[in-house]
Amino acid sequence: MLKGRHFIGPRDFTLEELDGLFSLAGSMEREPERWLDAARGRILATLFFEPSTRTRLSFEAAMLRLGGGVIGFAEPGSSSASKGESLADTIRTVSAYADVIAMRNPKEGAALLASRFSTVPVINAGDGGHHHPTQTLTDLLAIRSLKGRTEGLTVGFCGDLRFGRTVHSLAQGLARYPDNHFILVSPDELKVPDFITKEVFEKEGIEYLETSDLEGVLPRLDILYMTRVQKERFFNEEDYLRLKDSFILDAARMRLAKADLAVLHPLPRVNEIAVEVDADPRAAYFAQVRYGMFARMALIASLLGVS
Ligand code: NCD
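Conventions adopted
- Here the residue numbers are simple positions, counted from 1 along each chain's written sequence.
- Only residues with pLDDT of at least 70 get local features here, since the model is predicted, and only at 80 or more are side-chain atom pairs given and counted; chain-wide, interface and lining totals rely on the full set of residues.
- To obtain the side-chain values, all non-hydrogen atoms of the structure were used and water was disregarded.
- A cutoff of 4 Å decides nearness: a residue is near a molecule or strand if any of its heavy atoms lies inside that distance of it.
- Contacts described as polar in this section are N or O atom pairs within 3.5 Å, which, within protein, must combine one atom able to donate a hydrogen with one able to accept it, while residues neighboring in sequence count only if both atoms come from side chains.
- Accessible surface is estimated by sampling points in the Shrake-Rupley manner with a 1.4 Å probe; for residues, cover comes only from the protein chains shown.
- Amino acids outside the nonpolar list (Ala, Val, Leu, Ile, Met, Phe, Trp, Tyr, Cys, Pro) and the charged list (Asp, Glu, Lys, Arg) are all regarded as polar, and Gly is one of them.
- Delimitation of the domains relies on an automatic or database domain assignment.
- Here's how the labels work: a residue is buried when its accessible area is under 20% of the maximum for its type, exposed when over 50%, partly exposed in between, all with a 1.4 Å probe on protein chains only.
- Counting from the N terminus, the helices are DSSP H or I runs at least four residues long and the strands are E runs at least two residues long.
- If DSSP finds at least two bridges between two strands, the strands pair.
- Buried residues of nine kinds, namely Ala, Val, Leu, Ile, Met, Phe, Trp, Tyr and Cys, make up a nonpolar core once their side-chain atoms join them within 4.5 Å.
- Whether two residues touch is decided by their heavy atoms; if any such pair falls within 4.5 Å, the residues are in contact.
- Salt bridges are counted wherever a side-chain nitrogen of Lys or Arg sits within 4 Å of a carboxyl oxygen of Asp or Glu.
- Helix axes use the C-alpha atoms of the stretch in contact, all axes being lines fitted to C-alpha atoms, and the angles between their N-to-C directions lie in the range 0 to 180 degrees.

A.B. asks: Explain the site of the ligand residue by residue, including any values.
C.D. replies: As a matter of local geometry, the ligand sits amid Thr 55, Arg 104, His 132, Gln 135, Arg 165, Thr 166, Arg 228, Gln 230, Pro 266, Leu 267 and Pro 268. Gln 135 places a side-chain nitrogen or oxygen 3.2 Å from a nitrogen atom of the ligand. Taking Arg 228, its side chain carries an N or O atom lying 2.8 Å from an oxygen atom of the ligand. Isolated, the ligand exposes 320 Å² of accessible area, and the fraction of that covered by the protein chains is 94%. Here the residues of the shell around the ligand are counted per class, giving 3 nonpolar, 5 polar and 3 charged. Among the domains, domain 1 (15–132 + 292–304) and domain 2 (133–289) are the pair contributing at least three residues each to the shell around the ligand.

A.B. asks: Tell me what's going on with the pairing of strand S3 (residues 100–105), and back it up with residues and numbers.
C.D. replies: For S3, the tally of buried residues reaches 6 of 6 residues, placing the bulk of the element in the interior. Along S3, one buried face is formed by Val 100, Ala 102 and Arg 104 and the opposite face, lined by Ile 101, Met 103 and Asn 105, is buried too. Bridge count between strand S1 (residues 43–48) and S3: 5 bridges; the pairing is parallel. Paired with Ala 45 across the bridge in S3 is Ile 101.

A.B. asks: Break down the nonpolar core for me, with residues and values.
C.D. replies: Counting residues in hydrophobic clusters, the biggest one holds 60 residues, and the most contacted among them are Leu 66, Ile 123, Phe 157, Phe 182, Phe 201 and Ile 300. With 11 residues, helix H11 (residues 285–304) is the largest single contributor of residues to this core. Looking at this core, you find at least three residues from each of domain 1 (15–132 + 292–304) and domain 2 (133–289). When near neighbours in sequence (up to four residues on either side) are disregarded, Phe 182 contacts Val 155, Phe 157, Ala 171, Leu 174, Ala 175, Phe 201, Ile 206, Glu 207, Tyr 208 and Leu 209. Grouped together as the second largest cluster of nonpolar side chains are 20 residues, Cys 158, Ile 183, Leu 218 and Leu 221 included.

A.B. asks: Report on the pattern of salt bridges, specifying residues and quantitative values.
C.D. replies: Applying the stated criterion to the full structure yields 23 salt bridges. Between Arg 92 and Asp 89 there is a salt bridge whose closest N-O contact spans 2.9 Å. Linking Arg 92 with Asp 89, this pair stays in helix H3 (residues 87–97), spanning 3 residues, or about one helical turn. With relative accessibility at 46%, the residue Arg 92 sits in the partly exposed group. Asp 89 sits in the partly exposed class, given a relative accessible area of 34%. The shortest N-O distance in the salt bridge between Asp 260 and Lys 147 comes to 3.9 Å. Taken together, the residues span a long stretch of sequence, with Asp 260 in the loop between helix H10 (251–254) and strand S9 (262–264) and Lys 147 in helix H5 (residues 133–147) at a distance of 113 residues. On the accessibility criterion, Lys 147 (16% relative accessible area) is buried. In the salt-bridge network here, residues are joined through shared partners; they are Glu 50, Arg 165 and Arg 233.

A.B. asks: Got a sec to walk through the sheet that holds strand S8 (residues 223–226)? Specific residues and values, please.
C.D. replies: Spatially, 5 strands are ordered S7-S6-S5-S8-S9 in an open sheet, and the strand pairing comes out parallel. One side of each edge strand has no neighbouring strand; the edge strands of this open sheet are strand S7 (208–211) and S9. Neighbour to neighbour, the strand axes of the sheet diverge by 15° on average, direction disregarded. Sheet topology places strand S5 (residues 154–158) next to strand S6 (residues 181–185); 5 bridges connect them, and they run parallel. Within S6, the residue paired with Phe 157 across the bridge is Leu 184. Helix H7 (residues 194–202) contacts S6 and S7 of the sheet and is inclined by roughly 160° relative to S7.

This is the structure we're talking about:
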């Protein structure tokens, strides 16, 4: 039962609970009209202390498609945080108005802190460079639908693996299924942090390879998860400019890949996937966006306990 729970990290739910969520998302996609009134009279608050297009809008679209209402803010400047209010006080207040809260915050650990002060479920919509578990729901649902399985896959992560929270969450999420292998492609400065490589992969005996040779590893991949270099988390502009175009996936590189590769990207894309790749049938990143809305519908309905 997910009713009343928080969703802060990618491993908060058991594999069985995730399976239940994914089949619910599937039935919502097939028969959306059955859910139009499911959350009538309930309110989702979206508290975004950091910019977002897809995540916030997909949460809001998900709640509206369940028949519920939405309140919130899209930038901290328009909330009392700008007057110096603590996160704890903001959350205590909002949980008096809303039935579920989705929050994005630039500080690692902010969602966990919020969950300690909230009387309603808190969903982590991104906490700094740490985690982004609803993107993982999106990605796992996409992989399940596109590849028919979430196990026995060779998964390449490419780009900013240091600050990319979607990578940290998905790597932890996929590492729970048997026989997945990970190839981590990044410049030296942007390698996956130890809290994933040492604390998850090594502790759990999961095979991974770190490299900066995208072309060399492309032919082996079943999934290629491209990411943007996270400009807002750099300490200086020079490093960002030097690293931002380290890896660019283009049509020539796609020729090296398997015929059934799936290219994913949490979006927004900057330069790391050339626009010419969009027309390749293996480019799945815009289809991935749609899975995100159904995954969030299933999550909200389950946390609220509506059916
Ligand atoms: C990601 C994020 O915010 O971490 N975007 C998203 O939620 N789809 C990825 C990114 O910003 O690069």
